[in-house]
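Close look at the chain arrangement
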Amino acid sequence: MGGVCARRALVAAVLLFAGVTAADAASMPPPGAASCTGCHASSTNVETNVPRIAGRGASEIVAAVEAFRSGQKPATVMDRIAKGFTEAEIRAIAEWLSAQK
Amino acid sequence: MKSRRSFLKGSLAAALVPMPALAQSQPRVVLVGGGFAGATCARELKRLMPDARVMMIETNATFTACPFSNGVVTGLRALRAQQFNYEALGSLGVSLVYLSASKVDPQARTVTVADGTALPYDRLVLAPGVDFRWGSPARYDEAASARMPHAWKAGEQTLLLRRQLEAMEDGGLVAISAPPNPMRCPTGVYERASLIAFYLKARKPRSKVIILDAKDSFPKQRLFQAAWQQLYPGLLEWVPLSNDGKVVSVEPATNTLVTDFARHAAAVANVVPPQKAGAIAAAAGVADRTGWCPIDPVTFESPLQKNIHVIGDAAISGAMAKSAFAANAQGKACAAAIAQLLAGDTPASGKLINTCYSLVAPDYGISIVGVYHAVGGQYVDVEGAGGTSALEAPRETRAAEANYAAAWFRTITAEVFG
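Residues numbered from 1 in each chain as written. Chains lettered and ligands numbered in written order. Predicted model: local features only at pLDDT ≥ 70, side-chain atom pairs only at ≥ 80, totals over all residues.

1. Details of the overall build of chain B
Each helix and strand counted, chain B has eleven helices and 25 strands in total. In terms of overall size, chain B behaves like a compact globule, its C-alpha atoms giving a radius of gyration of 23 Å where 418 residues would be expected to give roughly 22 Å. Looking at chain B residue by residue over its 418 residues, the buried ones come to 53%. Of the contacts formed within chain B by residues at least 6 apart in sequence, a portion of 69% connects residues at least 24 apart. (Helix = DSSP H or I, 4+ residues; strand = E, 2+ residues; numbered from the N terminus. Rg over C-alpha atoms; globule rule 2.2 N^0.38 Å. Buried ≥ 20, exposed ≤ 12 C-beta atoms within 10 Å, placed from the backbone. Contact = placed C-beta atoms within 7 Å.)

Put into structure tokens, the structure is as follows:
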């Protein structure tokens, strides 16, 4: 654990010193995640009846997708989409989305 | 772990070199084409790599979106509502070059634009959309399209088709020629016929719309056909390939569409021609014998030319339809892959979604969804996922999907151009 923390601190120090020169791993969407914002607006300036999911709690997103997948929650398209992802993929996407502004 | 370690290495190296050298090492990514694929990718590249030099080459300073343009054809929307510019992209630091790209040198890694300038790249992204195979059907060329519009690239052509519909007398025949696959927006023809029928029903009820199709089936077919029967009985006819649907030639002077066994003299003739990848793809050597561009589904890099990626309608992306949603999703995935490649990482395996809405009437929406993963070098459907709207559904569901369709258009255009 100590090693990981030390390395994180070093990464942070290097970032401060050099500026961000490469893609930030945290901003890299996991497989499938980049497709979500086609319908779920990342901007707050869009008039839409589709709920925003960026910045929402990861467990909340996971619960919703699982409910779509099981058919527990009625849907027009999300039931068909949710069935294409594994639990691990849904979790990764949810965590990435919740880290977005 | 791997990504953090190599990231650390890259950052340390950057931190130790003097500043001018750092500027030199900033990667150069050039994009050709500012549609849903190219503009999305440019924006995402800049978000993931703020210091990278991202340049987008696009002929037109105004972008006219195809999705929802069938609403313009039928008088439901203004063309203005389809138009966007690249100012936001420019203010995020994407360099914009409003010229056409004419040549690519994959060895020297340069793109030549109309004024003769050769622009160097580390990675090139081609998002040229589609070109028409002029001369197919026989005698359908660019000159013929001034009389028989294709309206398959939004803009003047969209308005021309609209004016023709408006000028048509009641009792006229509107004939649409649909091309074989692969094509941009494979459900667009059927949405167009639906909305034209909606217009005719209200304004010119003695008229008729006929689709002469080079195919025997199309996506969401049963949903469309059930809705046509319910909403437009006697107003809309679909003639499949097997029933002499394929238009083999046109006669622009008389607005006639000719099939093997029949001649259809139309008041309004809308010819959607067969398609291929935009011309720059062939010029760069990334199009194959089909006229389209094979890709690695994870990185979108061409197997034919290193360091050149192809996204959007021009790419062969397996089971994924050529749609704006797919182009946008591919643009983001390609940007992520390029950022990882430039950082010395291996991109994660690809997984993408596509959602396509069609309007059968302004308040009647239907959809098709797909989830895709890369298997054997191609995007294939994830089994058990995707599919169309339910065949039986109350009108409230259709109305809800029509609303979701409109929300999708506002959302995606805001993400790309806002």
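There is more to say, and it comes next.
2. Quick word on the environment of Leu159 of chain B
Within the secondary structure, Leu159 of chain B sits in helix α6 (residues 156-167). Here the alpha-carbon distance between Leu159 of chain B and Trp292 of chain B, two residues 133 residues apart in the chain, equals 29 Å.

3. Brief notes about the pairing of strand β15 (residues 256-259) of chain B
Residues and elements named next belong to chain B. Across the two faces of β15 the burial differs, with Leu257 and Thr259 buried and Thr256 and Val258 not buried at all. Across four bridges, strand β14 (residues 247-251) lies against β15 in antiparallel orientation. Residue pairing across strands places Glu251 opposite Thr256, the latter belonging to β15. The hairpin turn running from β14 into β15, its antiparallel successor, is four residues long, and Asn255 in that turn takes a positive phi close to 55°. Note that β15 and strand β16 (residues 263-265) share three bridges and pair antiparallel. Bridge pairing in β16 links Thr256 to Ala265. Linkage of β15 to β16, two consecutive antiparallel strands, is achieved through a turn of three residues. (Pairing = 2+ DSSP bridges.)

4. Comments concerning unusual backbone geometry
Excluding glycine, residues mostly have negative phi values, and the peptide bonds linking residues are mostly trans. Residue and element names in this part refer to chain B. Of note, the amide linkage connecting Ser136 to Pro137 takes the cis form, showing an omega dihedral of -5°. As for its placement among the helices and strands, Pro137 is situated in the loop between β10 (130-132) and α6. With omega at 0°, the peptide bond leading from Asn181 into Pro182 counts as cis. Even without glycine at this site, Asn255 takes up a positive phi of about 55°.

5. Overview of the nonpolar core
Residue and element names in this part refer to chain B. With 151 residues, the main nonpolar core has Leu45 and Leu126 as its most contacted residues. A total of 13 residues in this core trace back to one element, the largest contributor, which is helix α10 (residues 324-342). Leaving out residues up to four positions away in the same chain, Leu126 has contacts with Val32, Gly33, Ile280, Ala281, Ala284, Val286, Ile308, Val310 and Ala314. (Core = buried A, V, L, I, M, F, W, Y, C linked by C-beta atoms within 7 Å.)

6. Focus: the packing of helix α3 (residues 36-48) of chain B against α10 of chain B
Residues and elements named next belong to chain B. Running from N to C, α3 and α10 cross one another at 35°; their axes reach a closest spacing of 7 Å. The chirality of how α3 crosses α10 is right-handed. Contacts between α3 and α10 involve Phe36, Ala37, Gly38, Thr40, Cys41, Glu44, Leu45 and Leu48 from the former and Ala324, Ala327, Asn328, Gln330, Gly331, Lys332, Cys334, Ala335, Ala336, Ile338 and Ala339 from the latter. (Axes fitted to C-alpha atoms, helices over the stretch in contact; angles between N-to-C directions. Left-handed = near helix turned anticlockwise from the far one by under 90°.)

7. A short note on α3 of chain B
Residue and element names in this part refer to chain B. Between its first and last C-alpha atoms α3 spans 18 Å; for 13 residues at 1.5 Å apiece the expected length is 18 Å, and the two agree. Three or more residues of α3 are buried, namely Phe36, Ala37, Gly38, Ala39, Thr40, Cys41, Ala42, Arg43, Glu44, Leu45, Lys46 and Leu48. Residues of α3 that are buried sit in contact with β1 (28-32), β2 (53-57), α5 (87-91), β9 (123-126), α10 and α11 (395-417). (Expected span 1.5 Å × (residues − 1).)

8. Quick look at the domain arrangement of chain B
All names here are of chain B. Each domain of chain B was delimited in the assignment, giving domain 1 (2-59 + 99-131 + 276-346) and domain 2 (133-275). Domain 1 and domain 2 are separated by 36 Å when their C-alpha centres are compared. The interface is formed by eight residues belonging to domain 1 together with seven residues belonging to domain 2. Of the residues in the side of domain 1 that touches domain 2, the class split is three nonpolar, one polar and four charged. (Domains from an automatic or database assignment. Nonpolar A, V, L, I, M, F, W, Y, C, P; charged D, E, K, R; others polar.)

9. Observations regarding the sheet that holds β15 of chain B
Strand pairing in a sheet takes place through backbone hydrogen bonds and is either antiparallel or parallel in direction. Residue and element names in this part refer to chain B. The strand order across the open sheet built from three strands is β14-β15-β16, with neighbouring strands paired in antiparallel fashion. The open sheet has two edge strands, β14 and β16, and neither has a second partner. Within the sheet, the average angular offset between the axes of one strand and its neighbour, ignoring direction, is 20°.

10. Focus: the confidence of the model for chain A
Taken over all residues, the pLDDT of chain A has a mean of 81, while the share at 70 or more is 74%. Confidence drops under pLDDT 50 across residues 1-23 of chain A; counting only partners more than four residues distant or on other chains, this segment forms 30 contacts. (pLDDT = per-residue confidence, 0-100.)

11. Focus on the confidence of the model for chain B
When pLDDT is averaged across chain B, the result is 94; 94% of the residues are at 70 or more. Taken over the whole predicted complex, pTM reads 0.91, whereas the ipTM for its chain interfaces reads 0.89.

12. Observations regarding the pairing of strand β11 (residues 173-178) of chain B
All names here are of chain B. Where burial is concerned, most of β11 is hidden: five out of the six residues are buried. Of the pairings in the sheet, the one linking β11 to strand β12 (residues 208-213) comprises six bridges and is parallel in character. Its bridge partner lying in β12, Val174 is registered against Val209. Looking at chain direction, β11 and strand β17 (residues 268-271) are connected through four bridges and run parallel. What sits directly across from Ile176, in β17, is Asn270.

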